[in-house]
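In case you want the letters, here they are:
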Amino acid sequence: AADIPPPPSPDLPVHDALAYVKQVYAQIEPDGQDTWNPVADDVEMWHRTRLLREACRLLRLHPKPVHTLRVLDVGCGVGRSARMLVDLGVQPGNLVAIDLRPAALATARANNPAIDWRLVTGLDDWPDETFDLVVQCTVFSSLPGEELRRATADRIRRAAGPNGHILWWDSHTANAFAGGDVLDPRPLFSDRKLLSCERLPMLP
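This write-up is about the structure you can find in this document.

Quick look at the pairing of strand E4 (residues 133-137)
So, point 1. Taking burial as the measure, the five residues of E4 include five buried ones, the bulk of the element.
So, point 2. Alternating positions in E4 separate into two faces, Leu-133, Val-135 and Cys-137 on one and Val-134 and Gln-136 on the other, with burial throughout.
So, point 3. Where strand E1 (residues 71-74) lies against E4, four bridges are found, and the strand directions are parallel. Note on E4: the bridge partner recorded for Asp-73 is Val-135.

A few points about helix H3 (residues 80-87)
Along an α-helix, residues three or four apart share an orientation, since each turn contains 3.6 residues.
So, point 1. For H3, the set of buried residues is Arg-80, Ser-81, Ala-82, Met-84 and Leu-85.
So, point 2. The secondary structure elements touched by the buried residues of H3 are helix H2 (42-59), E1, strand E2 (95-99), strand E3 (116-119) and E4.
So, point 3. Phi for Gly-89, located one or two positions after H3, is positive at around 120°.

A word on the sheet that holds E4
So, point 1. Read across the open sheet, the five strands follow the order E3-E2-E1-E4-E5; overall the sheet is parallel. Each of the sheet's edge strands pairs with one partner strand only, and the pair in question is E3 and strand E5 (165-169). Adjacent strand axes in the sheet meet at a mean angle of 20°, parallel and antiparallel pairs treated alike.
So, point 2. Sheet contacts for H3: E1, E2, E3 and E4; angle to E2, the most-contacted strand, approximately 170°.
So, point 3. Docked against the sheet, helix H5 (residues 146-160) engages E1, E4 and E5, running at close to 150° with respect to E4.

Here is what the cut-offs are and how they apply
Residues numbered from 1 in each chain as written. Predicted model: local features only at pLDDT ≥ 70, side-chain atom pairs only at ≥ 80, totals over all residues. Heavy atoms only, no water. Buried < 20%, exposed > 50% of the residue type's maximum accessible area, 1.4 Å probe, protein only. Helix = DSSP H or I, 4+ residues; strand = E, 2+ residues; numbered from the N terminus. Pairing = 2+ DSSP bridges. Contact = heavy atoms within 4.5 Å. Axes fitted to C-alpha atoms, helices over the stretch in contact; angles between N-to-C directions.

If you want it as structure tokens, here you go:
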């Protein structure tokens, strides 16, 4: 869209990069709008369908029963991914979901007040707890610059602790507004054992 600001410099400091992400999302998903409703968009429908399939497949690999898991949902937006996790057996009281946008969290909270929705204004606001599972769904494709991506990955690793698991679900490349470059989680989590990896086309 014409109102979306151009991609910033790849070496933009973390604080400025996060401010840019908030600015972009104010344009592409204004307060009160449901931009990525799968009923209205085939690409989003297949994205959600395949996310559900992969989440089920990967939750089976976790050594703990789903209903006992403490889970952190990073970049939860209006809460679809968090609600999917509840549908799959995660207890709402064991689920913390974080986002940068107060209006998105207000929508999420109204739809499921039992989940622990938290506003993070920056990387220093991340939860201090350790989780059995940390989930990120299409977060890194919206993050411009390696510094912000590395810093976010560091927070995810810390939240997962030494024994937690990480579920990465994202595009092969960043969004145009985030630079359009290739995304690969392996260098960002090189200290972690890879249990499963599958590359899927967005459309069948």
